[in-house]
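# What the coordinates show
Residues per chain are reported as follows:
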Amino acid sequence: MRKPFIAANWKMNKTVPEAEAFLSEFLPEVSNVTDADIVIAPPFTALKTVGEKLKGTNVILAAQNVFYEEKGAYTGEISPSMLLDAGCSYVIIGHSERRQYFNETDEIVNKKIKTALKNGLKVILCIGESLAQRQEGKTNDVLKEQLTNGLKDVDIENIVIAYEPIWAIGTGVTATPEQAEDAHSYIRKEISSIYGNKAEALRILYGGSVTPDNVNDLMTCPDVDGALVGGASLKPDSFSKIVKFKRTGG
Ligand code: 13P
């Protein structure tokens, strides 16, 4: 019922020639895939070129970040209209690396989401707990706070949520399917308490050391609707295998 959503977050990787080389291998590999949304988020400098190459394909362009003002004297920042101009449909907002290294608070995340949506971008909102928070039994509290504050006064129609436990990002330690399902079903329950049955259509992605070897098990969880992939999205071979995870049922 919810179309799977498989997204690559390249983070601070790939020059333009490297991005082009990736696409020339990757696009033919996935050209027959029609039953999943396939998304790539390159760094800003490669957006325009990748956007051109994705035109007329089944792969969607996303950015990794956006600013919350629409234009003006904000040296180094990028506006929603610049991302649209480059061909982006989605933008990732609130990634834990931005929260950690660039002090992005839930309030900033909320402002960014509002500006992005207002300008016609769709949003991939990242949330997730640290290892210490999990060990202290605070996972659900953290998720609830990030959801409530990040989505304050926001409609969720054009939002995808990515649950990315910080302890699983880039560590090779993936959440077990049970841990992922616990968090995802909690997120859907919280969303439904605010938005009612719109929660049923919301896609919730898992992110954190997703590989071709663990994607099938994660995707069997009823509330896991896709993946946000870092390291394993950098190679055409491994990312295309993830896109082609084993479908069950239907
Ligand atoms: P890894 O897949 O490298 O763990 O990164 C996950 C992530 O942060 C995607 O946004």
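Shown above is the structure to which this text applies.
Here goes a summary of the coordinates provided.

What counts and how
Residues numbered from 1 in each chain as written. Predicted model: local features only at pLDDT ≥ 70, side-chain atom pairs only at ≥ 80, totals over all residues. Heavy atoms only, no water. Pairing = 2+ DSSP bridges. Helix = DSSP H or I, 4+ residues; strand = E, 2+ residues; numbered from the N terminus. Axes fitted to C-alpha atoms, helices over the stretch in contact; angles between N-to-C directions. Contact = heavy atoms within 4.5 Å. Salt bridge = Lys/Arg side-chain N within 4 Å of Asp/Glu carboxyl O. Buried < 20%, exposed > 50% of the residue type's maximum accessible area, 1.4 Å probe, protein only.

## Details of the sheet that holds strand β8 (residues 226-229)
In spatial order, the strands read β1-β2-β3-β4-β5-β6-β7-β8; together these eight strands close into a barrel with parallel pairing. Pairs of neighbouring strands in the sheet enclose a mean axial angle of 25°, with direction left out of account. Where strand β4 (residues 90-93) lies against strand β5 (residues 122-127), four bridges are found, and the strand directions are parallel. Bridge pairing in β5 links Ile 93 to Leu 125. Of the strands in this sheet, β2 (37-41) and β3 (59-63) are in contact with helix α1 (residues 16-30), which crosses β2 at around 170°.

## Some thoughts on the pattern of salt bridges
Within the structure shown, the criterion is met by 21 salt bridges. Of the charged contacts, one joins Lys 138 and Glu 136 as a salt bridge, the two residues approaching to 2.7 Å between their closest N and O atoms. Using a relative accessible area of 37% as the deciding quantity, one classes Lys 138 as partly exposed. In this structure, the salt-bridge partner of Asp 223 is Arg 188, at a minimum N-O distance of 2.5 Å. With Asp 223 in the loop between α9 (215-219) and β8 and Arg 188 in helix α8 (residues 177-195), this residue pair connects regions lying 35 residues apart in the sequence. Neither residue differs from the other here; Asp 223 and Arg 188 are each classed as buried. Salt bridges sharing partners connect three or more residues here, namely Arg 2, Arg 188, Glu 200, Asp 223 and Asp 225.

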